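Structural description and commentary
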Amino acid sequence: MHELAKDALNRFMNEALLNYAHQRNFDLGKENHNNVSRLSHFIRKRLISEERVVKKILSSFDLGPVEKYIQEVCWRTYWKGWLCHYPSVWDNYRSELDQLLKNADAITFSKIKDLEMSNSEFECLNDWSEELQETGYLHNHARMWFASIWVHTLQLPWQLGAHFFMQHLLDGDEASNTLSWRWVAGLHTKGKAYLASAKNIKKFTHSRYEKIPEMAARAVQLEYQAPSFENIELKSPANTKGKVHLLVHGNDLESLGALVKRYKPEVIYILSLRHLNKQLKIYSEKVLKFDDQALEQTLHQLSLSQDFKVISIEDDISFDQNVDYVSYFPGQGYMMDYLQDKIPNLKYVYKPWDQKLFPYANKGFFPFWKKVKQFLKQEDI
């Protein structure tokens, strides 16, 4: 799967990268997404990382002609770093979602069921819902339109929309998904929401949808509360002298060989989304299979050059408090919530890319991007 990611990047660089800035906003239908990279599900697992994508592209192109694509790749880093600075946003989302799933009214669930069954009054929403559930993917512009209609026109809770996307997106990570929905709803930047328009949808779908029902002309006014800020310190643990066990999860599958070489673990534990889903009951079978395959192929590659015992984490497993456990940092979200609860003596290893950039993801994206560009120009990243 790592090789598939590299091949997909090479193909995009050869065929579509230089036209990306001009063509990226067009959603031409589920069989025709060749104007975008379709790397997001690989990057989400870090089968190929943001850093590797950026460096590979800049080894062949100057920044100017490819800046828009590099910028889009760095949005994922920004969202992950931002949520580290404002972890209460994730905690509040989980709490609010739990309450909505238990207590939302029948009309709300009826509207959502229509969308899930592709049976709403919006032909475009029906198509996007079908594509999402069938393929695990939606064009980014379609995600924005979908979320805007969900929140501002249908006036459904944004948390339930984010939940629907997380169920089905192969590239869905908690930071990008949750914070993107908050942005559309007007909760990421005070006073700024995203409103879809029929004109915009028609233009960027090449008029596939001529008859679009009336959409909201004003954003729903949701109560904005500035989240509390936390400084973050991203220091990886030093080499340990005692026993070390490595924990592998699907949130970062690049360069695991470096961890094995550094810490020489006796045991590697595997934490899959399938195990998490026994409790969470969130992910579709398509998402679970993708995670299973990514873990299986990564561990197979690793086993070709290393000798270790592999244990899949199950319900009855216990963790030795006298052993150090190390893992690549999973980012704020369901995986990290589980790990903090089950393995208090787990230590996170941070990628240099994250260590360098996360501290600057504390305000808006464009101040963050300005700093990224400085590093890129200095080749200090």
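The coordinates are above.
Throughout what follows, the structure given in this document is the object of discussion. (Residues numbered from 1 in each chain as written. Predicted model: local features only at pLDDT ≥ 70, side-chain atom pairs only at ≥ 80, totals over all residues. Heavy atoms only, no water.)

1. A short note on empty space enclosed by the protein
Scanning all chains against the criterion turns up three cavities of 30 Å³ or more. In this structure, the largest cavity spans a volume of roughly 190 Å³. In terms of lining residues, the largest cavity is bounded by 17 residues, among which Lys-80, Asp-173, Asn-251, Pro-330 and Gly-331 are the most central. Among the secondary structure elements, those contributing two or more residues to the lining of the largest cavity are α5 (63-85) and α11 (174-185). Looking at the lining of the largest cavity, the element that brings in the most residues is α5, giving four residues. Looking at the lining of the largest cavity, its residues break down into six nonpolar, three polar and eight charged. Its residues assigned to classes, the lining of the second largest cavity comprises six nonpolar, one polar and two charged. (1 Å grid on protein atoms, 1.4 Å probe; cavity = no way out; pocket = protein on both sides within 12 Å on 5 of 7 lines; lining within 4 Å. Points joined across faces, edges and corners; volume = space filled by probe spheres on them. Helix = DSSP H or I, 4+ residues; strand = E, 2+ residues; numbered from the N terminus. Nonpolar A, V, L, I, M, F, W, Y, C, P; charged D, E, K, R; others polar.)

2. Details of the packing of helix α14 (residues 273-280) against helix α15 (residues 285-303)
Where α14 contacts α15, the two axes come as close as 9 Å, and the packing angle between them is 145°. Along its contact with α14, which presents Leu-273, Arg-274 and Asn-277, the element α15 presents Glu-285, Val-287, Leu-288, Lys-289, Asp-291 and Asp-292. For the contact of α14 with α15, the class distribution of residues is three nonpolar, one polar and five charged. (Axes fitted to C-alpha atoms, helices over the stretch in contact; angles between N-to-C directions. Contact = heavy atoms within 4.5 Å.)

3. Concerning the pattern of salt bridges
Counting across every chain of the model gives 22 salt bridges. Of the charged contacts, one joins Glu-67 and Lys-373 as a salt bridge, the two residues approaching to 3.3 Å between their closest N and O atoms. Here the residue Glu-67 occupies a position in helix α5, and Lys-373 occupies one in helix α18 (residues 365-378), the gap between them amounting to 306 residues. Residue Glu-67 is classed as partly exposed on the basis of its relative accessible area of 21%. A single network of salt bridges, built from pairs that share partners, joins Arg-46, Glu-50, Lys-80, Asp-252, Lys-351 and Asp-354. (Salt bridge = Lys/Arg side-chain N within 4 Å of Asp/Glu carboxyl O. Buried < 20%, exposed > 50% of the residue type's maximum accessible area, 1.4 Å probe, protein only.)

4. What about the pairing of strand β2 (residues 267-271)?
Burial of β2 is extensive: five of the five residues sit out of reach of the surface. Bridging between strand β1 (residues 244-249) and β2 involves five bridges; their strand directions are parallel. Bridge pairing in β2 places Leu-247 opposite Tyr-269. With helix α13 (residues 256-263) bridging β1 and the parallel β2, this β-α-β connection has right-handed handedness. Examined bridge by bridge, β2 and strand β3 (residues 309-312) share four bridges and lie parallel to one another. Note on β3: the bridge partner recorded for Ile-270 is Ser-312. (Pairing = 2+ DSSP bridges. Right-handed = clockwise from strand over helix to strand, strands pointing away.)

5. What to know about the side chain of Glu-131
Among the structural elements, Glu-131 can be located in helix α8 (residues 123-135). Buried charge without a salt bridge: Glu-131, with Arg-208 as the nearest opposite-charge side chain at an N-O distance of 6.1 Å. In this structure, Glu-131 is in contact with Lys-30, His-33, Gly-136, Tyr-137 and Leu-138, ignoring residues within four places of it in sequence. (Lys, Arg positive; Asp, Glu negative; His and termini not counted.)

6. Let's talk about the sheet that holds β1
Taking strand neighbours across the sheet as the criterion, the five strands line up as β3-β2-β1-β4-β5 in an open arrangement whose pairing is parallel. Of all strands in the sheet, those bounded by a partner on one side alone are β3 and β5 (346-349). Across the sheet, the axes of successive neighbouring strands diverge by a mean angle of 30°, strand direction being ignored. α15 rests against β1, β2 and β3 of the sheet, and its axis sits at about 165° to β2.

7. A few points about the side chain of His-249
Structurally, His-249 is set in strand β1. The exposure class assigned to His-249 is buried, which follows from its relative accessible area of 1%. In this structure the side chain of His-249 is engaged in a polar contact, spanning 3.2 Å, whose partner is the backbone nitrogen of Asn-251. Not counting residues within four places of it along the chain, the set of residues in contact with His-249 comprises Leu-271, Leu-295, Ser-327, Tyr-328, Phe-329, Pro-330, Met-335 and Leu-339. (Polar contact = N/O pair within 3.5 Å; in protein donor to acceptor, adjacent residues only side chain to side chain.)

8. Considerations on the nonpolar core
In terms of nonpolar packing, the biggest core is built from 130 residues, with Trp-128 and Trp-150 touching the most fellow members. With eleven residues, the single largest contributor to this core is α5. Apart from residues no more than four positions distant in its own chain, Trp-150 is found in contact with Ile-112, Leu-115, Gln-155, Leu-156, Pro-157, Trp-158, Leu-160, Gly-161, Phe-164 and Trp-181. (Core = buried A, V, L, I, M, F, W, Y, C linked by side-chain atoms within 4.5 Å.)

9. Remarks on the packing of aromatic side chains
What the rule picks out here adds up to 34 aromatic pairs. Where Tyr-78 meets Phe-365, the ring centres are 5.5 Å apart and the plane angle is 85°; that geometry is what we call edge-to-face. A residue pair is termed long-range when its members are at least 10 positions apart, and Tyr-78 in helix α5 and Phe-365 in helix α18 qualify at 287 residues. The class for Tyr-78 is buried, based on a relative accessible area of 1%. Residues Tyr-269 and Phe-319 carry aromatic rings whose centres are separated by 5.5 Å and whose planes lie at 55° to one another, so their mutual orientation is tilted. In this pair, Tyr-269 is assigned in strand β2 and Phe-319 in the loop between β3 and β4 (324-328), connecting sequence segments 50 residues apart. Side by side, Tyr-269 and Phe-319 carry an identical accessibility label, which is buried. An aromatic cluster of at least three residues, connected via ring pairs, comprises Trp-75, Tyr-78, Trp-79, Phe-365, Phe-366, Phe-368 and Trp-369. Above the plane of the ring of Tyr-137 lies Arg-38, whose end atom (NZ or CZ) is 3.8 Å from the centre. (Phe/Tyr/Trp six-rings, centres within 6.5 Å; stacked < 30°, edge-to-face > 60°. Lys NZ or Arg CZ within 6 Å of the ring centre and 35° of its normal.)

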